[in-house]
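Given next are the chains, with one letter for each unit.
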Amino acid sequence: MEQAAGCSAVGGSYPQKNAEILSSQYGINLFLAGLLLTFAWAVHAVGISKSHLLSYLITLMLIQLLWMLWYLCRSCTQRRLIRDKDTHAGARWLKCGITLFAVITLILDSFKIGYYIDFSNCLSPTEGIFPVTHAVHTILQVYFLWCHAKDVIQSFKTLERFGVIHSVFTNLLLWTNGVLTESKHQLNEHKERLITLGFGNITIVLDDHAPQCNCTTTTLCSIFSQGIYYLYPFNIEYHILASTMLYVLWKNIGRKVEHHQQNKTPFKFHGITVGMIFGLIVLTSTIAIVVVYLIQIGGSKIKSELALIMFYLHAIFVLALMCTAGIVALLIYRLEDRSLDNSKNPARKLDAELLVGTAAGSWLLSWGSILAIICAQGHPKYTWYNLPYSVLVIIEKYIQNLFIIESIHREQEKANDDIKTLRIVTISRGSTLSLTPLYKEIYNGRAARDSDNVPCLLKGSICGRENDGAGVAKEETSQDNSLVMHSASDFSLYSRNSVTNNKRRILKNIAAFLFLCNLSLWIPPAFGCRPEYDNGLEEIVFGFEPWIIVVNLAMPFSIFYRMHSAASLFEVNCKT
């Protein structure tokens, strides 16, 4: 009987495994078809226009909308059923973050609608339908993620696998489209800047996709066309966050969840003042550097070189501080003796894989810069600032990844830091004796080792006189010895707890500081401050087109790394 049951259980897992493989292959083919269509439009392939790409994306979004509506309706009819939840997935701060990005994405869609209205005479209808469909898709998807990101689907599993994986790759294609559009705009500006830096030997051919007609309202057209590209970084982050949350939902389909109470880890500003102050200083100075850089770069050769030097010096200083903070945190971890949580957790596993995978983008750019500096025949002044900057980028990500991955795998302490106390009242010969010194409650939920050390009141009874005078004398002597032992153990416990609190305070400040630093380092590349484009040295060594391809492929991952690191560090701060 047991063998038959085991065989049926194993046999039942095969259809689900096949469904997982089939759905993943469906999603990959969906993505590759869209990727090839995007590439064909980017290189002006014959017979492929932007309307073809937008039609494909609109179709994918409509299919996802139908699936989400079906899932929401089915969930509404079964709302009384108790469903399994993955407490690690869809954290509240992550939902708040994706909501913020979604709101800015809706503003972007409204700008695109306005842009289409002004150029409606020469734009395809799909360019007007796309932002409307995208806005509806964004609103419904954010609602879906808020309500169902934690779901562990146990019914209609095969159908749901295809629906969720379709949603994952739809968001990845929308992310790719946003990245390409924003990169083409940055590339056009970059080509114009190269002339001011003296790289006249590089062929400047602008890739212009502007409408071939006049705008009905010139002022509004200028606002819409310029504003769109400043909002794209938020749209890009929105889609990559949505795809990661949906991927965790897909991995959780059919999963058996261990039912245990997860400790809530709310964010608190208490105790992280130092880290916040230094982090805000870095954030403020970074914004100032970006503003000055964008104003100075391309103005003249001298101004451009000064802007590059200013950027490199600031980045070197920030990266050195981040490396130091990360090393201190890792040293504290080495001094602690706490086990790692190796339980199955799709969200945590994805976080670790994304950290290492996306870091490879900036590592690729850094090694390209180092190789270009070594091989170049001429070295402008700013080159020697680029070298330590590139080396520090590699080291800092290496240290930070190690810190974050170890932090999210460490088991949380089960006890509160505040040590509660009990007053023990003993009664002898019918009279109340003086109160004993405060006896600290059992730490870490452990019971007392000796039952004799547990006060009588904790056992639900009152100590009375049971012995004669000699017995009372012995009891008083044993009480004195017990008080001494309690005092010594309490002092040891207090010292140990004080050291632990100090370590935690340092770790929380480091996590807060690194969180703000990663937000700071996300701002420059996201808003057009990209020295990999502007210094021109790599383009001379590797060639203009090859290096631009490398930058356009690696930069989106580098930008996402900073935002994902900030999100992970926020979680580390809450857990510490």
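Bear in mind the structure is a predicted one, so any value in this text is a computation, not a measurement.

Undergrad: How should I be thinking about the overall build of the chain in this particular structure?
TA: Broken down by element type, the chain carries 14 helices and four strands. Looking at the chain as a whole, 47% of its 576 residues qualify as buried. A fraction of 86% describes how many contacts in the chain between residues 6 or more apart in sequence connect residues 24 or more apart. Summing over all exposed atoms, the chain offers an accessible surface of approximately 29,600 Å²; the carbon and sulfur share of this is 64%.

Undergrad: What is the right way to look at the packing of helix α3 (residues 92-118) against helix α4 (residues 126-148) in this model?
TA: Helices that pack against each other are described as a pair by the angle of their axes relative to one another and the distance between those axes. Look at α3 against α4: their axes get within 9 Å of each other, and the N-to-C directions meet at 165°. One element, α3, and the other, α4, form an angle in the roughly antiparallel class. Classified by chirality, the crossing of α4 by α3 is left-handed. Listed contacts from α4 to R92, K95, C96, I98, T99, A102, T105, L106, D109, K112, I113 and Y116 of α3 are E127, G128, F130, P131, V132, H134, A135, T138, I139, V142, L145 and W146. Split into classes, the residues belonging to the contact of α3 with α4 amount to 14 nonpolar, five polar and five charged.

Undergrad: Hey, could you run me through the packing of aromatic side chains in this one?
TA: Two descriptors summarise a pair of aromatic rings, namely the distance from one centre to the other and the angle between the planes of the rings. Enumeration according to the criterion identifies 18 aromatic pairs in this entry. Between Y293 and F311, the ring centres sit 5.9 Å apart and the planes meet at 55°, which makes this aromatic pair tilted. Of the two residues, Y293 is situated in helix α7 (residues 273-296) and F311 in helix α8 (residues 301-335); the sequence distance between them amounts to 18 residues. Centre to centre, the rings of F311 and Y389 are 5.9 Å apart; their planes meet at 65°, and the pair counts as edge-to-face. Here F311, found in helix α8, pairs with Y389, found in helix α10 (residues 383-409); they are 78 residues apart in sequence, far enough to count as distant. Of the aromatic side chains, those joined through ring pairs into one cluster are F101, F234, W522 and F527.

Undergrad: Looking at this model, I keep getting lost on the packing of α8 against α10. Mind explaining?
TA: The geometry of α8 relative to α10 is characterised by a closest axis approach of 8 Å and an angle of 30° between their N-to-C directions. Regarding the angle of α8 to α10, the classification is roughly parallel. By crossing handedness, the relation of α8 to α10 is classed as left-handed. Classifying every residue of the contact of α8 with α10 gives 23 nonpolar, four polar and three charged.

Undergrad: What am I meant to see in the nonpolar core here?
TA: The nonpolar side chains of soluble globular proteins are, as a tendency, buried together. Membership of the largest hydrophobic core comes to 120 residues, with the highest contact counts inside it found for F144, M322, Y389, F403 and L514. In this structure, this core is formed jointly by two domains, domain 1 (15-256) and domain 2 (269-412 + 498-575), each of which donates at least three residues. Sequence-distant contacts of L514, that is, excluding residues within four places in its chain, are made with M322, A325, Q400, F403 and L569.

Undergrad: I'm lost on the confidence of the model for the chain in this one. Help?
TA: Parts of the prediction with low pLDDT should not have their coordinates interpreted in detail. Chain-level pLDDT for the chain is 77 on average; 71% of the residues reach the 70-or-more range. The lowest-confidence element of the chain is strand β4 (residues 439-440), averaging 38 in pLDDT; the highest-confidence one is α4, averaging 93. Across residues 415-467, where pLDDT falls below 50, the model places 55 contacts with residues more than four positions away in sequence or in other chains.

Undergrad: Mind showing me how you'd approach the environment of W93 here?
TA: Among the structural elements, W93 can be located in helix α3. Owing to a relative accessible area of 26%, W93 belongs among the partly exposed residues under this scheme. Setting aside chain neighbours within four positions, we find W93 in contact with A567, F570 and E571.

Undergrad: How should the pattern of salt bridges be read in this particular structure?
TA: Opposite charge on two side chains permits them to pair, given that their charged atoms come into close proximity. Here the structure, examined in full by the defined rule, presents four salt bridges. Note that K251 and E20 form a salt bridge whose closest N and O atoms lie 3.8 Å from each other. Of this pair, K251 sits in helix α6 (residues 218-251) while E20 sits in helix α1 (residues 2-42), and the two are 231 residues apart along the sequence. Across the pair E406 and R334 runs a salt bridge whose closest N-O atoms are separated by 2.5 Å. Separated by 72 residues along the polypeptide, E406 in helix α10 and R334 in helix α8 bring together distant segments of the chain. The exposure class of E406 is buried, given its relative accessible area of 14%.

Undergrad: Could you clarify how one ought to interpret empty space enclosed by the protein in this entry?
TA: The rolling of a water-molecule-sized probe over the atoms marks out the regions of remaining empty space. Tallied over the full model, the rule gives four cavities of 30 Å³ or more. The calculated volume of the largest cavity comes to roughly 350 Å³. Lining the largest cavity are 29 residues, with F311, Y389, L521, P525 and E532 positioned closest to its centre. Where the lining of the largest cavity is concerned, the elements lending two or more residues are α7, α8, α9 (346-375), α10, α11 (469-526), α12 (531-534) and α14 (544-575). Empty space within the second largest cavity amounts to approximately 130 Å³. In this structure, the second largest cavity is lined by 14 residues; those nearest its centre are E182, I236, R530, P556 and I559. For the lining of the second largest cavity, the secondary-structure elements that each account for two or more residues are α5 (157-196), α6 and α14. Element by element, the count of residues in the lining of the second largest cavity is highest for α14, at six residues. Residues lining the lining of the second largest cavity come from more than one domain, with at least three contributed by each of domain 1 (15-256) and domain 2 (269-412 + 498-575).

Undergrad: Would you mind showing me how to read the side chain of S362 here?
TA: Here S362 is to be found in helix α9. Here the side chain of S362 touches K397 through a polar contact of 3.1 Å, side chain to side chain. If we skip the residues at most four places from it in the chain, S362 touches V393, K397 and S558.

Undergrad: Is there a simple way to think about a nonpolar patch on the surface in this case?
TA: A grouping of V274, I277, F278 and I281 is seen on the molecular surface, where their side chains present a nonpolar patch of about 400 Å² in accessible area. Considering the arrangement of structural elements, one finds F278 in helix α7.

Undergrad: Would you explain the environment of I165 in this entry?
TA: Within the element layout of this structure, I165 appears in helix α5. Here I165 falls in the buried class, since its relative accessible area comes to 3%. Distance in space between the C-alpha atoms of I165 and L30 is 9.9 Å, their sequence separation being 135 residues.

Conventions adopted
Residues numbered from 1 in each chain as written. Predicted model: local features only at pLDDT ≥ 70, side-chain atom pairs only at ≥ 80, totals over all residues. Heavy atoms only, no water. Helix = DSSP H or I, 4+ residues; strand = E, 2+ residues; numbered from the N terminus. Buried < 20%, exposed > 50% of the residue type's maximum accessible area, 1.4 Å probe, protein only. Contact = heavy atoms within 4.5 Å. Areas by Shrake-Rupley, 256 points an atom, 1.4 Å probe, with all protein chains shown as cover. Axes fitted to C-alpha atoms, helices over the stretch in contact; angles between N-to-C directions. Parallel < 35°, antiparallel > 145°, perpendicular 65-115°, else oblique. Left-handed = near helix turned anticlockwise from the far one by under 90°. Nonpolar A, V, L, I, M, F, W, Y, C, P; charged D, E, K, R; others polar. Phe/Tyr/Trp six-rings, centres within 6.5 Å; stacked < 30°, edge-to-face > 60°. Core = buried A, V, L, I, M, F, W, Y, C linked by side-chain atoms within 4.5 Å. Domains from an automatic or database assignment. pLDDT = per-residue confidence, 0-100. Salt bridge = Lys/Arg side-chain N within 4 Å of Asp/Glu carboxyl O. 1 Å grid on protein atoms, 1.4 Å probe; cavity = no way out; pocket = protein on both sides within 12 Å on 5 of 7 lines; lining within 4 Å. Points joined across faces, edges and corners; volume = space filled by probe spheres on them. Polar contact = N/O pair within 3.5 Å; in protein donor to acceptor, adjacent residues only side chain to side chain. Patch = residues over 30% accessible without salt bridge, like charges linked within 9 Å, V, L, I, M, F, W, Y side chains within 5 Å.

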